[in-house]
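Topology and contacts: notes
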Amino acid sequence: MHRLQRIEDHVKNYRPQVLVLTGLPCVRPALVYFANSITHGTGLLICGHVLVGESVKQRSVMASESYKWLRRRKLRAFYDYVAANSTAEGIRALIQTSGLGKLKPNILMMGFHRSWYNWSEVAMEEYTSALNEALDAKMGIALLYAKEGFDITTVVNFEKLVEDNTHEGNDQLKSAASADHVVPLELKPIEDPEVQARVRLAELFETGKKKHIVGEIHVWWLYDDGGLTLLIPHLLNRQSPWDKCKLKIFILAGQDPVAAKKEMLSLLEKFRIKADEVIPVDMEQPPGREQTQWFDRLIGGLREDGPTRNRKVSGLGVIRESEVREFGERTSKQIRLRELLLEHSSKSALTVVTMPLPKTNQSAIFYMASLHALTSDMPATLLIRGTQENVLTYYC
């Protein structure tokens, strides 16, 4: 650890070190498995857990059971628990205190919530403030969206989990006998089809030598964020279950699509990233009527002069008319991007998109609506934004 302190930070020795907000790892296994596919045992992975208004008395028990759960699945990860007065305060504490020395997270990963529409204004502010906290701490951001969702708390059989954890040694012996040994999730009988879909998603994301996801990884590299949007899918594509996927990269066409493609191919060769195809796209065209009307319907019930004017009274967020006007051009580009995503990537196994950042005068709910436009009706989607510091280099 002390020797690491002598090594200066440099693009050559950069590796993703992820703080993923999972709560107890066993209740959001898909998030844990996906984050593990990025670090894959060679980078730091911390499962962060914030409990609001709770005591730290149960910390040792929760940590012990979580570590056993992780070890039984051969996941090289840490568990970090924080009790706080609010979610924002807890996330801030995790960002500032997780890790030690050089072994500190440089990426904050969260799940993108499908139920944001009915969140209170406070909850939305806490969610978006976590992104700003991470950026202030010079951490990259990754939001993972899946239409199924991630939380399986209602069907986790905690009694069986604790019982199985007591036989951890036996599981390790079985594991040694079979390199492809898979430890099943400890679950109660499931009747809810939504929860069944979340369990299937977790099983799909679980790493294993004989497990492979068939399809394509589509990377939409729209802004130069230091290269994180390129690096993460490249790392995913090197290990199971994503190693059999084709890698397609979409870039801005600019004035000369042919020159843009040629330049990108040259850049990928220098970065030693193998892509199956590079596709320039035209973002300068205005969005079509269908998706523009879709977005208008989405925010129609959220506007301050909309049909549901009692949202503000109920503590729910509203979109101000002034910001609709101020961010009109930006919103049009995001609607155009949604149009292109649906056209090219609606059948991909995973879509990786450079994430737009929240603006100073933009309300949390308008920002969430913008992110929703990039993920709704899409397969699993990872929104990524780097810190502008280079994480890719030409040189070995």
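The notes below deal with the structure included here. (Residues numbered from 1 in each chain as written. Predicted model: local features only at pLDDT ≥ 70, side-chain atom pairs only at ≥ 80, totals over all residues. Heavy atoms only, no water.)

**A look at the overall build of the protein chain**
To keep it simple, the criterion reads: Helix numbers and strand numbers start at the N terminus; a helix is a DSSP run of H or I with at least 4 residues, a strand a run of E with at least 2. Here the radius of gyration uses the C-alpha set of atoms, whereas the globule reference equals 2.2 Å times the residue count to the power 0.38. Think of it in three bands: residues with accessible area under 20% of the maximum for their type are buried, residues over 50% are exposed, and the middle band is partly exposed, with areas taken using a 1.4 Å probe on protein chains only. The charge count includes Lys and Arg as positive and Asp and Glu as negative, but it does not include His or the ends of the chains. By convention, the charge on Lys lies at NZ, on Arg at CZ, on Asp at CG and on Glu at CD.
Across its full length, the protein chain carries 14 helices and ten strands. Since a compact globule built from 396 residues should have a radius of gyration of about 21 Å, the 21 Å found for the protein chain is in line with a globular shape. With respect to the principal axes defined by its C-alpha atoms, the protein chain has extents near 60 × 55 × 45 Å. Taken across its 396 residues, the protein chain has 51% of its residues classed as buried. For the protein chain, the distance from the average position of its 51 positive side-chain charges to the average position of its 48 negative side-chain charges is 5 Å.

**A word on the environment of Ser 129**
On the secondary structure map, Ser 129 appears in helix 5 (residues 121-136). Residue classification places Ser 129 among the partly exposed positions, given a relative accessible area of 24%. Considering only alpha carbons, one finds Ser 129 and Lys 68, 61 residues apart in sequence, at a separation of 32 Å.

**Description of the sheet that holds strand 7 (residues 246-252)**
Test applied: The criterion for strand pairing is that DSSP finds at least two bridges linking the strands in question. Note on method: axes are straight lines fitted to C-alpha atoms, helices fitted across the in-contact stretch only, with angles between N-to-C directions ranging 0 to 180 degrees. By the convention used here, residues are in contact when the closest approach between their heavy atoms is within 4.5 Å.
Spatially, 3-2-1-4-5-10-9-6-7-8 is the arrangement adopted by the ten strands of the open sheet, whose pairing is mixed. Edge positions in the open sheet fall to strand 3 (78-84) and strand 8 (277-281), since each of these has one partner strand only. Pairwise comparison of adjacent strand axes, ignoring direction, gives a mean angle of 20° for this sheet. The strands touched by helix 4 (residues 87-97) within the sheet are strand 1 (18-21), strand 2 (45-52), strand 3 and strand 4 (107-111), with strand 2 carrying the most contacts at an inclination of about 150°. Its contacts with the sheet place helix 13 (residues 328-344) against strand 6 (216-220), strand 7, strand 8 and strand 9 (350-354), and it is angled at close to 160° to strand 6.

**Section: the packing of helix 5 against helix 14 (residues 364-375)**
Let me state the cut-off plainly: Our angle categories are set so that under 35 degrees counts as roughly parallel, over 145 as roughly antiparallel, 65 to 115 as roughly perpendicular, and the remainder as oblique. What makes a crossing left-handed is the near helix being turned counterclockwise from the far one by less than a right angle; a clockwise turn instead makes it right-handed. For this classification, the nonpolar set comprises Ala, Val, Leu, Ile, Met, Phe, Trp, Tyr, Cys and Pro, the charged set comprises Asp, Glu, Lys and Arg, and every other residue, Gly included, is treated as polar.
Contact pair helix 5 / helix 14: the axes reach a minimum separation of 9 Å and the direction vectors enclose 70°. With respect to helix 14, the element helix 5 is oriented roughly perpendicular. Remark: the crossing between helix 5 and helix 14 carries left-handed chirality. Each of Met 124, Glu 125, Tyr 127, Thr 128 and Leu 131 in helix 5 lies in contact with helix 14, whose residues at this interface are Ala 364, Ile 365, Tyr 367 and Met 368. Of the residues belonging to the contact of helix 5 with helix 14, the class tally is seven nonpolar, one polar and one charged.

**A word on the packing of helix 4 against helix 5**
Viewed as axis vectors pointing N to C, helix 4 and helix 5 meet at an angle of 20°, and their least axial separation amounts to 9 Å. As judged from the angle between their axes, helix 4 and helix 5 are roughly parallel. Judged by the twist between their axes, the crossing of helix 4 over helix 5 is right-handed. Contacts between helix 4 and helix 5 pair Thr 87, Ala 88, Ile 91, Arg 92 and Ile 95 from the former with Glu 126, Ser 129, Ala 130, Glu 133 and Ala 134 from the latter. In the contact of helix 4 with helix 5, the residues fall into five nonpolar, two polar and three charged.

**Points about the pattern of salt bridges**
Oppositely charged side chains are able to pair whenever their charged atoms sit close together. Worth spelling out the cut-off: Here, a salt bridge means any Lys or Arg side-chain nitrogen found within 4 Å of an Asp or Glu carboxyl oxygen.
Overall, the coordinates contain 17 salt bridges when judged by the stated rule. Between Arg 73 and Glu 186 there is a salt bridge, with the nearest N and O atoms lying 3.1 Å from each other. Of this pair, Arg 73 sits in the loop between helix 3 (59-72) and strand 3 while Glu 186 sits in the loop between helix 7 (168-177) and helix 8 (193-205), and the two are 113 residues apart along the sequence. In this structure, Arg 73 and Glu 186 share a single accessibility class: buried. Among the salt bridges present, the one from Arg 303 reaches Glu 321, with a minimum N-O distance of 2.8 Å. Remark: Glu 321 occurs in helix 12 (residues 321-326) and Arg 303 occurs in the loop between helix 11 (289-300) and helix 12; sequence separation between them is 18 residues. For Arg 303, a relative accessible area of 22% puts it in the partly exposed group. Residue classification places Glu 321 among the buried positions, given a relative accessible area of 16%. The structure contains a network of salt bridges with shared partners spanning Arg 72, Arg 73, Lys 160, Asp 164 and Glu 186.

**Some points on the packing of aromatic side chains**
Basically, it comes down to this: For this analysis, a ring pair means two rings from Phe, Tyr or Trp (six-membered ring only for Trp) whose centres lie within 6.5 Å, classed as stacked if their planes differ by under 30 degrees, edge-to-face if by over 60, and tilted for the remaining angles.
This model, assessed by the stated rule, comprises ten aromatic pairs. Geometrically, the ring pair formed by Phe 34 and Phe 205 is tilted, given 5.5 Å between the ring centres and 50° between the ring planes. Separated by 171 residues along the polypeptide, Phe 34 in helix 2 (residues 29-39) and Phe 205 in helix 8 bring together distant segments of the chain. The class of Phe 34 is buried, set by a relative accessible area of 0%. Classification of Phe 205 by relative accessible area gives buried; the value is 2%. Within the aromatic cluster, the residues linked to one another by ring pairs are Phe 34, Phe 205 and Trp 242.

It is worth stressing that arrangement in space is one thing and function is another; only the former is reported here.
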